[in-house]
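Observations on the model geometry
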Amino acid sequence: MFKAIRLRTKFLISLLAIIAGMTAATLAIVSYSVEKRVRGSLHDELRSSVKTYQTFAEQREITLARSAAMVANLPNLRALMSTQDAVTIQDESASVLRVSGTDLMVLGNRTGDVVGLQGKSDDFSKDVATGLLRKSMQREEGRNWWLGRGHLYEVWLQPIYFGAPGEGSVIGILAVGHEIDDRVAREFSSIVSNEIAFRSGNMTLASSLPQAARDSLSSLGPVENVDTVDAPQEFQLGSEKYLVSTVRLSKGDELPVTLSVLTSLDKATEFLSRLNRILLGLGLLSVLAGGALVLLVSHTFTKPLSNLVAGVRALEEGDFEYPLQSTGGDEVGKVTNAFGRMRASIQKTQGQRQLEDRLRQAHKMEAVGRLAGGVAHDFNNLLTVIRGNSDLLLDRKDVDLSQRKHLDQIQKAADRAVSMTRQLLAFSRMQVLLPRVIDLNLIISEMNKMIPRLIGEHIEFGFLPEHQLSAVLADPGQMEQVILNLAINARDAMPDGGKITVRTKNVAMDAVEAAKRPPMLPGDYVLLSVSDNGHGMDAATKAHIFEPFFTTKEVGKGTGLGLATVYGIVKQSGGFIWVDSEKGRGATFEIYLPSCRKPVSARDGITEADSMPGGSETILLVEDETAVRELASEFLKSSGYKVLEAQDGAEGLRFAMNYPDQIHLLLTDMVMPRMNGVDLAEKLRRLRPNLRVILMTGYTEFSEKKGEKMAHGASVLQKPFSRLTLLEEVRQVLGVSPGKQPSETKV
């Protein structure tokens, strides 16, 4: 019967069958390829999430170890442990817990008996703690995992010495730990955008999952290898299917603790169902187009169809830019247009995923930045007290040479801490800047003697300045920090010697050049470049060099804050930074700062430290940190001022309203409970129009409205400050007319 059918019909049926088979196979391959890509992307995301936690855990381990060492070396703790009185140790250990900043603190004697226990959880008993402490002491490991009464802790052990650390006799053991609970799991879940579960054996201890879904996690198998991420496996939790990747966090015979990262497979593959329907529709259209092809049988019809097939093949290979030829409103044209829309939809989906990855990275950087700013803010108060009291001790006439040497060491250590604190603030873009109109050529020229000594004689240093260089508005001290950090980075890239070249240049950036460096805008800039001929960087390293704590140096030879600090300073100064580098071809860092047409600011005069300015005016001192308030009061009173003290803004306002005599100056902290310093200054200005104001702060994370208030006739004093800095600032503010006091920041 088939032989009786017309040849045209046979050809139509045969060609339709061929077209249908090829189209179905092609679209099936596309669907399979897309699904495979999605699964591969999910697998990579799970591994990346686990690595992110491991990196976070390593940093927390370092912080916990330092915290344990610092707390164990506290004189009051060593004195407390030397009493060997369990009741006294238990009563006094609460204050030590607050200093440590941890969730759990255990104090044990040399035999492992717990004599002091403090923690946020009341059901963690001494008996449980004693058993865990003795097991940890037997393992002789610094880091341990403790599980007691359903609470999981990551614990660090530190011996307590009677005498110098590591040399005196051990009088006890300190254990500090952070609790791994649901809050920690939810916070990390929000960072990696996946579900998180911490388990021990078959028991789920902390998770971001709902309670109903946790019981199903007990069927997940154990992980034997430490730091090895197992292959992701599909797992059914209720009505939803997940991909789960697990890594063991504990080591050896320690308490088995694992981290599981879960991502919803159903949500990730939801769009595949829509894609399959689209592909099915495209298949039907292709069959219809094949029938029309037999009827028309022309070159003009087969050519666009071949182009469409080539476009499908290009899409399978990941090519979204393959040119498609549309023939108008016929069947092939409609298929081509539909395929183009589908391809654009897939490309848009991938672009959105990349944007989401960048957004997650930005959120992580912001979280670390806020953490750095908060830590630096607290350290500024502590460093103010340390530096100030050492200044007072050095001014005493009965200090002998030995004591003066120790005080000098304290001040040097405090200065190094101040430097690191300002690096943290620079990275998080929260430091208080002193912007001035400066000449970069002059800044670099003054550093020409210091930089060669810093980089060593085996490295050649060259400076190529632009004559008639435009001025810029920036903090000169921070610009020096930028140049030093870049010079040190270049030095470390040339261990066998080389050359560092610093250049300055005026640059007129037009719209075309600015478009190559988004988000730069057209305009006039001053270019500062630092080049070296060292070993260079690959693309993977360049992608992370400005991230905090990222370093390619050996452990102990770099903090990973140098380039992050440079990035923060440049951005806070309104500039832009790029790096051009290839493996084996050196590196060039280019910094673009907006040029300024104002004249260069005059250099600050140098005040002799021997002349401490003083006065007899009345000063209202408002500071919520008791130690800082007492120290500032001592500085002012010793210089002849009358000081009225208040512990917060509300108390300071009441004091000023009831005080009958004149108050010449308000010296207040900017961030305080109940009422901040800016609001206090505004209220007192209405009551006492001639009042001068100095605002003290450790960092500049303020609202725009408060920043505008701060600019109206208030000077800002950055913490930590020395005695001389405070007295000079007070004298300068009291020495000008009301309403015209400088708003320049002092450090």
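Here the structure is a predicted model, which is why all the values come from computation and not from measurement.

Our next topic: the overall build of the protein chain. A tally of regular secondary structure across the protein chain gives 22 helices and 23 strands. Counting all 747 residues of the protein chain, 46% fall into the buried class. Relative to all contacts within the protein chain whose residues are 6 or more apart in sequence, the contacts with residues 24 or more apart total 66%. Carbon together with sulfur atoms contributes 53% to the accessible area of the protein chain, which is approximately 38000 Å² in total.

This next bit is on the nonpolar core. Of all hydrophobic cores here, the largest spans 40 residues; its most connected members are Tyr53, Ile180, Ile196, Phe198, Leu249, Leu259 and Met342. Per-element tally for this core: the top contributor is helix 1 (residues 7-72), with nine residues. In this structure, Leu259 is in contact with Tyr53, Ile196, Ala197, Phe198, Ser245, Thr246, Val247 and Leu249, ignoring residues within four places of it in sequence.

Residue-level pLDDT values for the protein chain average 78, and 79% of them are 70 or greater. In the model, residues 702-711 has pLDDT below 50 throughout and makes 13 contacts with residues more than four positions away in sequence or in other chains. Here residues 737-747 is a poorly scored stretch, pLDDT under 50, and it has 39 contacts once near neighbours within four places are set aside; other chains count.

We now examine the sheet that holds strand 7 (residues 203-207). Each strand in a sheet pairs with another by means of backbone hydrogen bonds, the pair being arranged parallel or else antiparallel. Ordered by their spatial adjacency, five strands build an open sheet running 7-6-10-9-8, and the pairing between neighbours is antiparallel. Here the strands that pair on one side only, and so sit at the sheet edges, are strand 7 and strand 8 (233-237). Strand-to-strand twist of the sheet, defined as the mean angle between neighbouring strand axes without regard to direction, takes the value 35 degrees. When strand 9 (residues 240-248) meets strand 10 (residues 258-264), the two strands line up antiparallel, connected through seven bridges. Note that in strand 10 the partner of Val244 across the bridge is Leu262.

Below, the discussion takes up unusual backbone geometry. The phi torsion at Gln84 lies on the positive side, around 60 degrees, for a residue other than glycine. Topologically, Gln84 is positioned in the loop between helix 2 (75-82) and helix 3 (86-100). For Arg674, which is not glycine, the phi torsion reads 70 degrees and is therefore positive. Summarising the element assignment, Arg674 is placed in the loop between strand 20 (665-669) and helix 20 (677-687). Residue Arg674 is classed as exposed on the basis of its relative accessible area of 62%.

In this section: a nonpolar patch on the surface. A contiguous nonpolar patch, built from Leu382, Ile386 and Ile410 and spanning about 250 Å² of accessible area, is present on the exposed surface. Position of Leu382 relative to the elements: it lies in helix 10 (residues 331-394). When its relative accessible area of 48% is taken as the criterion, Leu382 is described as partly exposed.

Turning our attention to the side chain of Thr504. Relative to the assigned elements, Thr504 resides in strand 14 (residues 498-509). Side-chain polar atoms of Thr504 contact the side chain of Asn441, separated by 2.7 Å. The contacts of Thr504, once residues within four sequence positions are left out, are Asn441, Ile444, Phe463, Leu464, Pro465, Glu466, Leu469, Leu527 and Leu528.

Our focus in this paragraph is the pattern of salt bridges. On inspection of all chains with the given rule, the structure shows 12 salt bridges. For Arg134, the salt bridge is made with Asp113, and the minimal N-O distance between the two is 2.0 Å. One end of the pair, Arg134, is in helix 4 (residues 126-139); the other, Asp113, is in the loop between strand 1 (104-108) and strand 2 (114-119), and 21 residues separate them in sequence. What makes Asp113 partly exposed here is its relative accessible area of 29%. Here Glu513 makes a salt bridge to Arg517, at a shortest N to O gap of 3.5 Å. Among the charged side chains, a salt-bridge network with shared partners connects Glu61, Arg143 and Glu154.

With that settled, the discussion passes to the packing of helix 18 (residues 626-638) against helix 22 (residues 723-734). Direction vectors running N to C along helix 18 and helix 22 enclose 60 degrees, while the axes themselves pass 10 Å from each other. The handedness of the crossing between helix 18 and helix 22 comes out as right-handed. Across the interface between the two elements, Ala632, Phe635, Leu636 and Ser638 from helix 18 touch Arg723, Leu726, Leu727 and Val730 from helix 22. Grouping the amino acids of the contact of helix 18 with helix 22 by side-chain chemistry returns six nonpolar, one polar and one charged.

Mapped onto the elements of the fold, Lys241 is located in strand 9. Among the residues examined, Lys241 registers a relative accessible area of 31% and is labelled partly exposed. The spacing of Lys241 and Ser264 is 23 residues in sequence and 6.2 Å in space, taken between C-alpha atoms. When near neighbours in sequence (up to four residues on either side) are disregarded, Lys241 contacts Glu234, Phe235, Gln236, Ser264, Leu265 and Asp266.

Here we take up the packing of helix 19 (residues 649-658) against helix 20. Interaxial distance between helix 19 and helix 20 falls to 10 Å at its minimum, and their mutual angle equals 10 degrees. Between helix 19 and helix 20, the crossing angle belongs to the class labelled roughly parallel. Judged by residue contacts, Gly649, Gly652, Leu653, Ala656 and Met657 of helix 19 engage Leu680, Lys683, Leu684 and Leu687 from helix 20. A breakdown of the residues in the contact of helix 19 with helix 20 according to their chemical character gives six nonpolar, two polar and one charged.

Across five bridges, the pairing between strand 8 and strand 9 is antiparallel. When the bridges of strand 9 are listed, Glu234 appears paired with Leu243. Where strand 8 folds back onto strand 9 in an antiparallel hairpin, the turn is made up of two residues, including Gly238, whose phi is positive at roughly 65 degrees.

Two elements, strand 13 (residues 471-474) and strand 17 (residues 587-596), share two bridges in a ladder whose sense is antiparallel. Looking at the pairing, Ala471 lines up with Cys596 of strand 17. Summarising the sheet, strand 15 (residues 523-532) and strand 17 pair through eight bridges and their orientation is antiparallel. Paired with Asp532 across the strands is Ala587, a residue of strand 17. Pairing of strand 16 (residues 576-581) with strand 17, which is carried by six bridges, proceeds in the antiparallel orientation. From the neighbouring strand, Asp580 faces strand 17, where its bridge partner is Thr588.

Rules used throughout
Residues numbered from 1 in each chain as written. Predicted model: local features only at pLDDT ≥ 70, side-chain atom pairs only at ≥ 80, totals over all residues. Heavy atoms only, no water. Helix = DSSP H or I, 4+ residues; strand = E, 2+ residues; numbered from the N terminus. Buried < 20%, exposed > 50% of the residue type's maximum accessible area, 1.4 Å probe, protein only. Contact = heavy atoms within 4.5 Å. Areas by Shrake-Rupley, 256 points an atom, 1.4 Å probe, with all protein chains shown as cover. Core = buried A, V, L, I, M, F, W, Y, C linked by side-chain atoms within 4.5 Å. pLDDT = per-residue confidence, 0-100. Pairing = 2+ DSSP bridges. Axes fitted to C-alpha atoms, helices over the stretch in contact; angles between N-to-C directions. Patch = residues over 30% accessible without salt bridge, like charges linked within 9 Å, V, L, I, M, F, W, Y side chains within 5 Å. Salt bridge = Lys/Arg side-chain N within 4 Å of Asp/Glu carboxyl O. Polar contact = N/O pair within 3.5 Å; in protein donor to acceptor, adjacent residues only side chain to side chain. Left-handed = near helix turned anticlockwise from the far one by under 90°. Nonpolar A, V, L, I, M, F, W, Y, C, P; charged D, E, K, R; others polar. Parallel < 35°, antiparallel > 145°, perpendicular 65-115°, else oblique.

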